[in-house]
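A closer look at the structure
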Amino acid sequence: MGWLWAIIVGFVLGLIAKALIPGKQHSPLWLTTIFGMLGAVVGNAVARGFGVEETKGIDWSRHIFQVVAAVIIVYAGDMLYMSTLGKRKQRRG
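Nothing here was measured: the structure is a model prediction, and the numbers come from that model.

Between its first and last C-alpha atoms helix α2 (residues 29-49) spans 30 Å; for 21 residues at 1.5 Å apiece the expected length is 30 Å, and the two agree. All of the buried residues along α2 are Leu31, Thr32, Thr33, Phe35, Gly36, Gly39, Ala40, Gly43 and Ala47. Where α2 ends, the next residue or the one after it, glycine 51, has phi of about 85°, a positive value.

In structure tokens form, the structure reads like this:
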């Protein structure tokens, strides 16, 4: 069940990150989900570093760290995707 939640959270975080980044992102949905999963892991680590491991109720500060990390990872990952695989797809199309 843990993997299912990781995929769902990664999917949602990836979509939120894509919505927050201006312009069009070209990475496929499966890659965006992986970027979102990485954003969740990195965001949790950064939150733990700031001393926000768990709070009562909803962990808003931890979620903010996750969204910020996902935005950075989706943005960087999309640029890397376009510089490698994306150019090959544009030449074929």
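With that settled, the discussion passes to a nonpolar patch on the surface. Residues Leu4, Trp5, Ile8, Val9, Phe11, Val12, Leu15, Ile16, Leu20 and Leu29 make up a contiguous nonpolar surface patch of about 860 Å² in total accessible area. Sorting elements by how many residues they give to the nonpolar patch places helix α1 (residues 2-20) first, with nine residues. As for its position among the elements, tryptophan 5 is in helix α1. Classification of tryptophan 5 as exposed rests on a relative accessible area of 51%.

Below, the discussion takes up the nonpolar core. If you look at the biggest cluster of nonpolar residues, it comprises 10 residues: Leu13, Ala17, Ile21, Leu31, Phe35, Ala40, Ala70, Val74, Tyr81 and Met82. Of all elements in the fold, only α1, α2 and α3 (60-92) reach the threshold of two or more residues within this core. Counting residues per element, this core draws most heavily on α3, which supplies four residues. Sequence-distant contacts of phenylalanine 35, defined by excluding residues within four places in its chain, comprise Ser27, Ile73, Val74, Gly77 and Asp78.

What follows deals with the environment of threonine 84. Position of threonine 84 relative to the elements: it lies in helix α3. Expressed as a C-alpha distance, the spacing of threonine 84 and leucine 4, which sit 80 residues apart in the sequence, is 30 Å.

Rules used throughout
- Residues numbered from 1 in each chain as written.
- Predicted model: local features only at pLDDT ≥ 70, side-chain atom pairs only at ≥ 80, totals over all residues.
- Heavy atoms only, no water.
- Helix = DSSP H or I, 4+ residues; strand = E, 2+ residues; numbered from the N terminus.
- Expected span 1.5 Å × (residues − 1).
- Buried < 20%, exposed > 50% of the residue type's maximum accessible area, 1.4 Å probe, protein only.
- Patch = residues over 30% accessible without salt bridge, like charges linked within 9 Å, V, L, I, M, F, W, Y side chains within 5 Å.
- Areas by Shrake-Rupley, 256 points an atom, 1.4 Å probe, with all protein chains shown as cover.
- Salt bridge = Lys/Arg side-chain N within 4 Å of Asp/Glu carboxyl O.
- Core = buried A, V, L, I, M, F, W, Y, C linked by side-chain atoms within 4.5 Å.
- Contact = heavy atoms within 4.5 Å.

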